[in-house]
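Structural overview for review
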Amino acid sequence: MASAVEDPLLSHRDDGLEDEFHSELEDDEDTSTEWPAGRPGLFIWLLTLSAGISGLLFGYDTGVISATLVSIGTSLSGRTLTSLDMSVITSCTSLFALIASPISSILADYFGRKPVILLSDLLFVFGAVVQAVSFTVSGMVFGRSIVGAAVGAASFVTPLYIAELAPPTYRGMLVTMNVLSITLGQVVAYVIGWIFAEHGDPSTGWRWMVGLGVLPAALQCVLLLFMPETPRWLVKAGKSPEARRVIEKTLGSDLASRRLVDSVVKSIEMEIREEQGNAVLTSGRGKSWFQGWHDLFGVPKNRRALVIACLLQGLQQLCGFNSLMYFSATIFTMLGFSIPTLTSLTVAATNFAFTVLALFLIDRIGRRRILLYSIPFMVGGLLLSAFGFSLIKLSSGDPNVGDHMPITVDAASSVPSRHAAVIILISIMIYVASYALGLGNVPWMQSELFPLNVRSLGSGLATATNWMANFIIGLTFLPLVSINHLR
């Protein structure tokens, strides 16, 4: 008889629309250790808001580059940035996030979730300072690379940290709070970018934009002193008494709550012993360091969970959303908008507003259903945008930062070009709203797919897939625009 750990992930599940994504994909081991359902208390909300600063940093550093690229001028290396310069500055962040993500999964298993968040904060601070004092393109690339490593670690460990602390009934909402903090960071980045671009010194404004990333990172370093490690990792590390104290803070200290605390801790301990027993049975197949890899790829349900998580994370990036976040100001400059950073703010605000809506819908509608409802609207928004671009013709020249690219129209009147630009803006807002409701949130709930023994590794590889696709998009978008522009 096959052991439970070898059962397929989706076995004995109904594949109908009425089942939620969470119900379809959650494995038997994890359900046995869930915390009792109930409203998240003040302690959980404070933990989520504190850990969400990582998301704020993530969003700020991905959003601020849009305004930075159109504000640098000749401040780096004494020349105007080329499309290749912009692509490398942007994509190096994704590349180092890709490298850092699987490494952070290993560190999170050995040292805990909390130390990895602290490490990412220190990298954020260092990277922001390097960017602010850069005077060459290579220096800027170096600073962005450091920030990329910080983003890669934070994007993996923060959703995992929240998911392992949150009550199951509200886990989707609380993990979405992390995504909400990412979109809030993007809104803040665009607001600051607009303020400095329109009212600041052009030669130093962009340095303040990137340097302000130090503040939330330093704040989180302080908050981490008062934040606990997750109970699941503490039990796995043989620190059950500490895990018990963390759960007591969540559930309370009355008699009924203490009984629930004992039940939760015992369930986690039973899960750990079962996983260790399975590891002993397979220990002859390789060294313990490789045991996690064997469990992830050798067990059918874990392998299937990895495929699903990687597909969702890849789709999240290959749909092109971050090309809009990175280069929205450049795109709106090309379309002839007089204040491109302010126009970009409307897109970021749409993303934030619909992420707030997703916060209240995702646990009611379900993960799978909200994806199926939102993706068709994303497709419609992209098709409408393509129609809008088909109505205009960009002027000749290299699409470099700082060069306004007015629209030239074959007809005598410029009215069609203005209408086309409005169509493109509306279509982008439809696309962004649909993305925020579904694909922007659901992939980050990937920890629900994996059992504890492969959760860090599986989530790390899925997050690495996200950053690989992000790197490809960031590196190729502007060169492709340039090629098409010259045709």
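All of these numbers come straight from a predicted model, not from anything done at the bench. (Residues numbered from 1 in each chain as written. Predicted model: local features only at pLDDT ≥ 70, side-chain atom pairs only at ≥ 80, totals over all residues. Heavy atoms only, no water.)

This part takes up the overall build of the protein chain. On a plain count of helices and strands, the protein chain comes out with 19 helices and two strands. Residues counted as buried form 56% of the 487 residues belonging to the protein chain. In the protein chain, of all internal contacts separated by at least 6 residues, the share reaching a separation of at least 24 is 83%. Split by element, the accessible area of the protein chain, about 19,800 Å² in all, is 69% carbon and sulfur. (Helix = DSSP H or I, 4+ residues; strand = E, 2+ residues; numbered from the N terminus. Buried < 20%, exposed > 50% of the residue type's maximum accessible area, 1.4 Å probe, protein only. Contact = heavy atoms within 4.5 Å. Areas by Shrake-Rupley, 256 points an atom, 1.4 Å probe, with all protein chains shown as cover.)

This paragraph deals with unusual backbone geometry. Residues other than glycine seldom take positive phi values, yet Ser 77 does so here, at roughly 60 degrees. Among the structural elements, Ser 77 can be located in the loop between helix H3 (42-69) and helix H4 (83-111).

Overall, the coordinates contain five aromatic pairs when judged by the stated rule. Summarising the aromatic geometry, the rings of Phe 58 and Trp 467 are spaced 5.4 Å apart at their centres and angled 40 degrees between planes, so their arrangement reads as tilted. Taken together, the residues span a long stretch of sequence, with Phe 58 in helix H3 and Trp 467 in helix H19 (residues 452-486) at a distance of 409 residues. On the accessibility criterion, Phe 58 (9% relative accessible area) is buried. Judged by centre distance (5.4 Å) and plane angle (10 degrees), the rings of Phe 327 and Phe 477 are stacked. Here Phe 327, found in helix H15 (residues 321-334), pairs with Phe 477, found in helix H19; they are 150 residues apart in sequence, far enough to count as distant. When its relative accessible area of 0% is taken as the criterion, Phe 327 is described as buried. Looking at Phe 477, the relative accessible area reads 22%, which means it is partly exposed. Directly above the ring of Phe 135 sits Arg 207, whose terminal nitrogen or CZ lies 4.2 Å from the centroid. (Phe/Tyr/Trp six-rings, centres within 6.5 Å; stacked < 30°, edge-to-face > 60°. Lys NZ or Arg CZ within 6 Å of the ring centre and 35° of its normal.)

In terms of nonpolar packing, the biggest core is built from 47 residues, with Val 347 and Phe 450 touching the most fellow members. When contributions to this core are tallied by element, the ones reaching two or more residues are helix H6 (137-165), helix H7 (171-199), helix H14 (300-318), H15, helix H16 (340-365), helix H17 (367-390), helix H18 (415-437) and H19. Considering each element in turn, this core owes the most residues, eight residues, to H18. Residues Leu 81, Ala 154, Ile 182 and Ala 189 belong to the second largest nonpolar core, which totals 39 residues. (Core = buried A, V, L, I, M, F, W, Y, C linked by side-chain atoms within 4.5 Å.)

Bringing the packing of helix H5 (residues 113-132) against H6 into the picture now. The packing of two helices is summarised by the inter-axis angle and the distance between the axes. At their nearest, the axes of H5 and H6 sit 8 Å apart, and the two run at 155 degrees to each other. Judged by the angle between their axes, H5 and H6 are roughly antiparallel. Of the two elements, H5 crosses H6, and the hand of that crossing is left-handed. Looking at the contact of H5 with H6 residue by residue, the classes come out as 19 nonpolar, five polar and four charged. (Axes fitted to C-alpha atoms, helices over the stretch in contact; angles between N-to-C directions. Parallel < 35°, antiparallel > 145°, perpendicular 65-115°, else oblique. Left-handed = near helix turned anticlockwise from the far one by under 90°. Nonpolar A, V, L, I, M, F, W, Y, C, P; charged D, E, K, R; others polar.)

In total, this model carries three salt bridges according to the counting rule given. Across the pair Asp 109 and Arg 113 runs a salt bridge whose closest N-O atoms are separated by 3.6 Å. Under the relative-accessibility criterion, Asp 109 is labelled partly exposed at 25%. Classification of Arg 113 as buried rests on a relative accessible area of 1%. A salt bridge links Glu 448 to Arg 367, with the nearest nitrogen and oxygen atoms 2.7 Å apart. Note that Glu 448 is positioned in the loop between H18 and H19 and Arg 367 in helix H17, a separation of 81 residues in sequence. Taking the relative accessible area as the measure of exposure, Glu 448 reaches 5% and is therefore buried. (Salt bridge = Lys/Arg side-chain N within 4 Å of Asp/Glu carboxyl O.)

For helix H9 (residues 214-223), every residue scored as buried is listed here: Pro 216, Ala 217, Gln 220 and Cys 221. For H9, the angular spread of the buried residues around the axis is 145 degrees, confining them to a single face. (Arc of directions from axis to C-beta.)

Attention shifts here to H6. The end-to-end C-alpha distance of H6, which contains 29 residues, comes to 42 Å, matching closely the 42 Å that a straight helix rising 1.5 Å per residue would cover. Of all 29 residues in H6, 27 are buried; the element is thus mostly enclosed. (Expected span 1.5 Å × (residues − 1).)

So, about a nonpolar patch on the surface. Taken together, the side chains of Phe 377, Leu 384, Phe 387, Leu 391, Val 422, Ile 426 and Ile 430 make up a nonpolar region of the molecular surface, amounting to roughly 610 Å² of accessible area. Among the elements of the structure, H17 and H18 are those that each provide at least two residues to the nonpolar patch. Following the sequence through the fold, Leu 384 ends up in helix H17. (Patch = residues over 30% accessible without salt bridge, like charges linked within 9 Å, V, L, I, M, F, W, Y side chains within 5 Å.)

Okay, the packing of H16 against H17 next. Relative to each other, H16 and H17 sit at 120 degrees, their axes nearing to 7 Å. It follows from the interaxial angle that H16 and H17 lie oblique. H17 is crossed by H16, and the crossing has right-handed handedness. Note on element contacts: H17 touches H16 through Arg 367, Arg 369, Ile 370 and Tyr 373, opposite Leu 361, Ile 362, Asp 363 and Ile 365. Here the contact of H16 with H17 is composed, by residue class, of five nonpolar, no polar and three charged.

With that settled, consider the confidence of the model for the protein chain. Per-residue pLDDT for the protein chain has a mean of 78; in total, 79% of the residues score no lower than 70. Note that pLDDT drops below 50 for residues 1-35; the model gives that stretch 89 contacts with residues more than four away or on any other chain. Scored below 50 in pLDDT, residues 397-413 makes 41 contacts in the model with residues more than four places away or belonging to other chains. (pLDDT = per-residue confidence, 0-100.)

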